[in-house]
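Spelled out from the first residue to the last, the chains are:
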Amino acid sequence: MDMNPPPLELKQDAAMCEEAKSWLAFAKEIDKGGDWKNKLQSLNNHLLKRSVVCGSGITISPVDMAVFLAVRDAVVKNVIPTQAEYPNVVRWFDYVQGEGKVSSLFVPVPVKKSNFEPQDYSDVSVKKAPKVVEKVATIECVPATDSLSVGKEDTKHSKVLESKEQEPKAGASSKEEKKGKKEKAATPKIEEKKADEGVSISALDIRVGLIVKVWKHPSADALFVEEIDLGEGSVRQVVSGLARYLKEEDLLNRKVVLIANVKPGKLRDVMSSGLVLCASNSDHSSVEPLIVPDGAVVGEKITFAGYEGKPEEVLNPKKKQLEKIFPDLCTDDSGLAIYKGVSFMTSAGPCRSTLLNAIVR
């Protein structure tokens, strides 16, 4: 991230290389504190007609990640509550925090989105239009029949009667076709809804872990790197965004609740193979890992009464299972960690938090 030497893909584009260096310098400056207002205004102006900070299109670059980590605290504390002064920063911030790796490391910050309601075109006159067309078509058929007649009155009358008899049948057919189209259009939505309803906490492999080593991320002040024992004979390396809330000694030899089947991936060039579940208050000024009962066994699976399904081997980010499950994770008014009212249960009792009525991510 110090751009020395620059990555291969940037070497081929000198202008983008310079842009990346400029924004990395910006990230380092804002991370030091100071006059964040002018810096955020500069970022807001830059994002006026852009989706991302560096590069073109909508691809989130490592530079975007660096700027996100640098401005996160300032945005959460000063911008999100009003969302009016820096709208472009808020839009970009919400886009980046939804990225798979970021959403697995940080508690998502709620962002108020504008509601869009499409105009209702179900006007009475529009509904009647097809009927008018049908009547015109029927009237035009009469002269055509007349021009093909051989001069017999009974032939002309029979043709007109036939067209009248056929008209309601055509109308009925048209209604059936429309009904069939509506049913077909509704089918994918119903199937999608059923698929969403099938996602539950049982898809997650949640276990008790023990942090045996912890250190600061080499290139991100907001991140810790931990080695966590899950009773597998080896340790898991996990990156978590807890450095702004806790000290290393607060985490060392601490039991934690870990989602063990998230897809492994790098965050700022450090591999992470799990997600430590934490509770957070409403303004995200206080964050702590869930508290595991002393007698819980390292590596044991945390259970949820009524949700005994087999967990996925590895979560597929494209299915967005975490995004669908997270809204139902929280602590209650006594501090118990729950999913849809059901406790996080170990062999030694339920997991909890000192934060009451908090969100859990």
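Under an unreviewed UniProt entry, the name given to the chain is tRNA-binding domain-containing protein, and the organism recorded is Ceratopteris richardii. Here is the UniProt Subcellular location (unreviewed entry) comment for the chain, exactly as written: "Cytoplasm".

*Asks:* Could you clarify how one ought to interpret unusual backbone geometry in this entry?
*Replies:* The backbone phi angle of R268 is positive, close to 55°, even though this residue is not glycine. Within the secondary structure layout, R268 lies in the loop between β5 (265-267) and β6 (270-272).

*Asks:* For this particular structure, what's the right way to read the pattern of salt bridges?
*Replies:* Should the charged atoms of two oppositely charged side chains come close, the side chains can pair. Here the structure, examined in full by the defined rule, presents four salt bridges. With a closest N to O distance of 3.1 Å, R244 and D73 form a salt bridge. Separated by 171 residues along the polypeptide, R244 in the loop between β3 (235-240) and α9 (248-251) and D73 in helix α4 (residues 62-79) bring together distant segments of the chain. Note on R244: relative accessible area 35%, which makes it partly exposed. We classify D73 as partly exposed; its relative accessible area is 22%. One network of salt bridges, with partners in common, ties together D205, R207, E232 and R236.

*Asks:* Just checking my understanding: could you explain empty space enclosed by the protein for this structure?
*Replies:* To find leftover empty space, one rolls a probe the size of a water molecule over the atoms. Evaluated as defined, the whole model comprises two cavities of 30 Å³ or more. Around the largest cavity sit 17 residues that line it, and L105, F106, V107, C278 and R361 are the ones nearest its centre. Of the residues that constitute the lining of the largest cavity, the class distribution is ten nonpolar, five polar and two charged. Taken as a whole, the second largest cavity encloses approximately 40 Å³ of empty space. For the second largest cavity, the full set of lining residues is M65, F68, L69, V102, L105, F106 and L267. Looking at the lining of the second largest cavity residue by residue, the class counts come to seven nonpolar, no polar and no charged.

Cut-offs used in this document
Residue numbering note: each chain is counted from 1, following its sequence as written. Whole-chain, interface and lining totals are the exception, using all residues; otherwise, since this is a predicted model, local features are given only for residues with pLDDT of at least 70 and side-chain atom pairs are given and counted only at 80 or more. Side-chain metrics rest on all non-hydrogen atoms present in the structure, leaving aside hydrogens and water. UniProt positions are given in the numbering used here, feature names are shortened, and annotations may be inferred rather than shown by experiment. Put simply, DSSP marks the helices as runs of H or I at least four residues long and the strands as runs of E at least two long, and each gets a number from the N terminus on. Here, a salt bridge means any side-chain nitrogen of Lys or Arg that lies within 4 Å of a carboxyl oxygen of Asp or Glu. Working definition: with a 1.4 Å probe on protein chains only, accessible area under 20% of the residue-type maximum means buried, over 50% means exposed, and in between means partly exposed. Of the grid points, spaced at 1 Å and generated over the protein atoms alone, those admitting a 1.4 Å probe that cannot get out make up cavities, while open sets with protein on both sides within 12 Å along at least five of seven lines make up pockets; any residue with an atom within 4 Å of a point is treated as lining. Grid points are joined across faces, edges and corners, and a volume is the space filled by probe spheres set on the points. Residues are grouped as follows: nonpolar covers Ala, Val, Leu, Ile, Met, Phe, Trp, Tyr, Cys and Pro; charged covers Asp, Glu, Lys and Arg; every other residue, Gly included, is treated as polar.

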